[in-house]
Structure formats: structure tokens, C-alpha cells
Amino acid sequence: MNIPKSHPRYESLMKRERVIEYFNKGIVATAGLIAQGRGEAFDYIIGEKSMDFSLESERAAVALMKSAKNPIISVNGNATALSAEDLAELSKILNARIEISLFYRTDERVRKIADEFRKFGIEVLGQNPDAIIPGIEHMRALCSREGIYSADVVLIPLEDGDRAMALKNMGKKVISVDLNPLSRTSQVAYISIVDELTRAVKNMIVFANKMKENEIGGILNSYDNKKTLSDVLKHIKNRMEDMSK
Ligand code: PTJ
């Protein structure tokens, strides 16, 4: 579909088209289309831009990943469709490997997603899982021993709440990217990034390139995730109040 650049919601519509294109390629799951719609609705309510609370959590997430021993970036169909190239760049800057983790796992989708990241010079983990995340019964329990299983920090864009909780129960520090501040994933994460994924990853690349080693401790000490989640809800409430005047 041809969307004119002058359309006030051009960026959002282009992302929607991209998710549809990757659905047609067999990378995004059918439920991924629904997930995209849910994300769009929250983004509309938040204001379709990275807010201060988003930037603060993205900065803290970069600091946490830089300080980690084995940071891993988990990817599913939607994350691949929307941000494969930028996630590949972030992975290289942060020295964090990328692992495929799918809710609706099929060998074909795994192969297609791995091919997509190979275009950007990344050989992803999770193609031949050799470990299980305890406490999950669906396909997302499958993981790689050298990746998610042994990771100390895991970045999980567009994750389901069960696995976020299971990773937390394994003692991992979980960083979520989810536009819904009320989702179980956002609520259980160590750092909850409430921002649209493509914007979040681009911001994280900027922070990762700029951040100096001696800044990491201070950033982590001053970050308060409870405050982030509270700031998101206050922002939504204030925005609704302003718009209803
Ligand atoms: O590729 P698979 O098989 O692993 O399946 C992936 C989906 C996304 C289908 C699966 O993980 C799923 O069902 O996720 P949920 O439970 O729908 O959660 C997705 C969350 O991501 C929702 O809270 C959305 O609001 C949020 N979301 C959707 N698009 C974006 C987003 N958050 C940030 N950026 C987005 N672009």
C-alpha cells in the first residue's frame, strides 16, 4: 500500500505495513498482527513518541547490559519484522548475542528469522535449543544453554508474561520493551521500557555509543523502575485529562 509521507500517522502506518509484509513472508505469527494492534493502541494513548520515562529506562537498560556478564537479546517474529537491522547493530555494540525465542515455534519460522539476521552479519542462538526454562509448558520454554539459559540479563521485546516471570524466577534481570505498562511483562521486569520497539532500539543504540564505563554505576544506582511505571500511568492520566477538557 502506498502511504503518503504527509499522512499525520505515517510512521505508525509504515510499521503496520511492515508487520503485514513479514506476516506474508512467514516470519510474524498470526497473533503477531493482533499484538501489533494492541501496541498501536497504547502508542496512540501515550503520544507516539519516546517520553522522558522511556529514555530513562532505555539508558538504564543499556547500562545494565554493559555491566552484564552474558547479556542476551531475545527475538520473536514481531521484533524481527520491526527492528532486525537495529537489533543486530545493538547486539554488536553491546556484545550481546541474539537468541530466537518463539511462542508459536515452527522450524520454518526459526529458519526464516535466522536468515533475516544473517543478512546483518548475525548468527543467532536458539536454532537448536538444548535447555529448558523451568516453569513454562509452551514452546517458549526452549532455549540455548550458552544463551538465555545462562544469561544474567535478558532483553525481551514484546514478551508474554509467563516467560518474563519464569526468567525472573531463574534469577535473571529482565528488561522488557512493551507499550502496555499494565502487562504482566512490564510489571515483573527489572527495567520496563514503555516505548515502541523501533524507537526504543534506536535510542538504545545512541546511548550505547555514548555511554562511558565510569557512568554505568551512577546510572544504575539512580534508576528506579517503580517510578518509571508510575510516571507512565501519571502521563496517561494527565494526557487523558488534558484531552477531555
Ligand atoms: O513470534 P512469536 O511466535 O513469539 O509470537 C509473538 C507474539 C507477539 C505474538 C507473542 O509474544 C504475543 O502474543 O505477545 P502479546 O502477549 O500479545 O504481547 C505483546 C505486547 O507487546 C503487548 O502488550 C503489546 O502492547 C506490545 N507491543 C506490540 N507491538 C509493540 C509492542 N510494544 C512495543 N513496541 C511495539 N511495536
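First, a word on scope: everything that follows refers to the structure included in this document.

Rules used throughout
- Residues numbered from 1 in each chain as written.
- Predicted model: local features only at pLDDT ≥ 70, side-chain atom pairs only at ≥ 80, totals over all residues.
- Heavy atoms only, no water.
- Axes fitted to C-alpha atoms, helices over the stretch in contact; angles between N-to-C directions.
- Helix = DSSP H or I, 4+ residues; strand = E, 2+ residues; numbered from the N terminus.
- Parallel < 35°, antiparallel > 145°, perpendicular 65-115°, else oblique.
- Left-handed = near helix turned anticlockwise from the far one by under 90°.
- Contact = heavy atoms within 4.5 Å.
- Buried < 20%, exposed > 50% of the residue type's maximum accessible area, 1.4 Å probe, protein only.
- Pairing = 2+ DSSP bridges.
- Right-handed = clockwise from strand over helix to strand, strands pointing away.
- Nonpolar A, V, L, I, M, F, W, Y, C, P; charged D, E, K, R; others polar.

## Here we look at the packing of helix α1 (residues 10-24) against helix α4 (residues 77-94)
- Running from amino to carboxyl end, α1 crosses α4 at an angle of 125 degrees, the nearest separation of the two axes being 9 Å. On the basis of their axis angle, the class for α1 and α4 is oblique. Handedness of the α1/α4 crossing: right-handed. Facing Lys15, Arg18, Val19 and Tyr22 of α1, the residues of α4 in contact are Asn78, Ala81 and Leu82.

## Structural notes on the pairing of strand β6 (residues 173-177)
- By the criterion of burial, β6 is predominantly enclosed, with four of the five residues buried.
- Note: strand β5 (residues 153-157) against β6, five bridges, orientation parallel. When the bridges of β6 are listed, Pro157 appears paired with Val177.
- As a crossover connection, the stretch from β5 through helix α6 (residues 161-169) into β6 is right-handed.
- Of the pairings in the sheet, the one linking β6 to strand β7 (residues 191-193) comprises three bridges and is parallel in character. Each bridged residue has a counterpart across the sheet, and for Ile175 the counterpart in β7 is Ile191.

## Remarks on the packing of α4 against helix α8 (residues 197-210)
- The contact between α4 and α8 brings their axes to 9 Å, and the two run at 10 degrees. Taken together, the axes of α4 and α8 are roughly parallel relative to one another. Within the contact between the two elements, α4 uses Ala79, Leu82, Ser83, Asp86, Leu87, Glu89, Leu90, Ile93 and Leu94 and α8 uses Leu197, Thr198, Val201, Lys202, Met204, Ile205, Ala208 and Asn209.
- For the contact of α4 with α8, the per-class residue count stands at eleven nonpolar, three polar and three charged.

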